[in-house]
Amino acid sequence: MELFDRVRCLSQQYFETPRAKRLGHLQSLVTRARDGDTKTRTVLANPYLIKATNNHLADIMRRHRLPATIGEVVDWYCRRFWNASGRDVVNGVAPEPPTGEIFHSDCEDRAA
């Protein structure tokens, strides 16, 4: 019951976050889970809590009008930005994605 309530709470927090801040919210959840928050990691990595296939969890999600569990959203985020499943990312199996920053060496700057 505690885990179901945590799924509901984290899902509700995500959907109440303004759209412009949702990616940052997901990033902080993933970081928290990777840094050792076991309850968050359990909610994001447990297959029974990712999809609302359990009748009790599905009822909770419907009752609170939440379209998806936080595990589903984090899985989408990880597949999009980490190129790995949410489960692999929060368990630390997937490596950190590249930052996208481009570093120029001093030699290239002088040649220009």
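Quick note: structure is the one above.
The structure reproduced in this document is the subject of the present report.

Rules used in this analysis
Residues numbered from 1 in each chain as written. Predicted model: local features only at pLDDT ≥ 70, side-chain atom pairs only at ≥ 80, totals over all residues. Heavy atoms only, no water. Helix = DSSP H or I, 4+ residues; strand = E, 2+ residues; numbered from the N terminus. Buried < 20%, exposed > 50% of the residue type's maximum accessible area, 1.4 Å probe, protein only. Contact = heavy atoms within 4.5 Å. Areas by Shrake-Rupley, 256 points an atom, 1.4 Å probe, with all protein chains shown as cover. Axes fitted to C-alpha atoms, helices over the stretch in contact; angles between N-to-C directions. Parallel < 35°, antiparallel > 145°, perpendicular 65-115°, else oblique. Lys, Arg positive; Asp, Glu negative; His and termini not counted. Salt bridge = Lys/Arg side-chain N within 4 Å of Asp/Glu carboxyl O. Polar contact = N/O pair within 3.5 Å; in protein donor to acceptor, adjacent residues only side chain to side chain.

## Some words on the overall build of the protein
When its secondary structure is counted, the protein shows eight helices and zero strands. Tracing the protein from N to C terminus, the helices and strands come up as α-α-α-α-α-α-α-α. Out of the 112 residues in the protein, the part that is buried amounts to 35%. Across the protein, the fraction of contacts at a sequence separation of at least 24, relative to all contacts at a separation of at least 6, is 58%. For the protein, the exposed surface amounts to about 7,600 Å²; the carbon and sulfur share of it is 50%.

## Details of the packing of helix α1 (residues 2-16) against helix α3 (residues 38-45)
Interhelical geometry of α1 versus α3 gives an angle of 85° and a closest axis separation of 10 Å. Our classification of the angle between α1 and α3 gives roughly perpendicular. Within the contact between the two elements, α1 uses E2, L3, R6, V7 and L10 and α3 uses K39, T40, T42 and V43.

## As for the side chain of R22
Its location among the elements puts R22 in helix α2 (residues 22-34). Although R22 lies buried, it forms no salt bridge, and the closest oppositely charged side chain, E16, sits 9.5 Å away as judged by the N-O distance. A distance of 3.0 Å separates a polar atom in the side chain of R22 from the backbone oxygen of T17. Excluding residues within four positions of it along the chain, R22 makes contact with Y14, F15 and T17.

## Concerning unusual backbone geometry
Even without a glycine there, the phi angle at N83 is positive, about 60°. With a relative accessible area of 73%, N83 lands in the exposed category.

## Things to note about α3
Every buried residue of α3 is accounted for by T40, V43, L44 and A45. Contacts from the buried residues of α3 go to α1, α2, α4 (47-50), α6 (70-81) and α7 (86-90).

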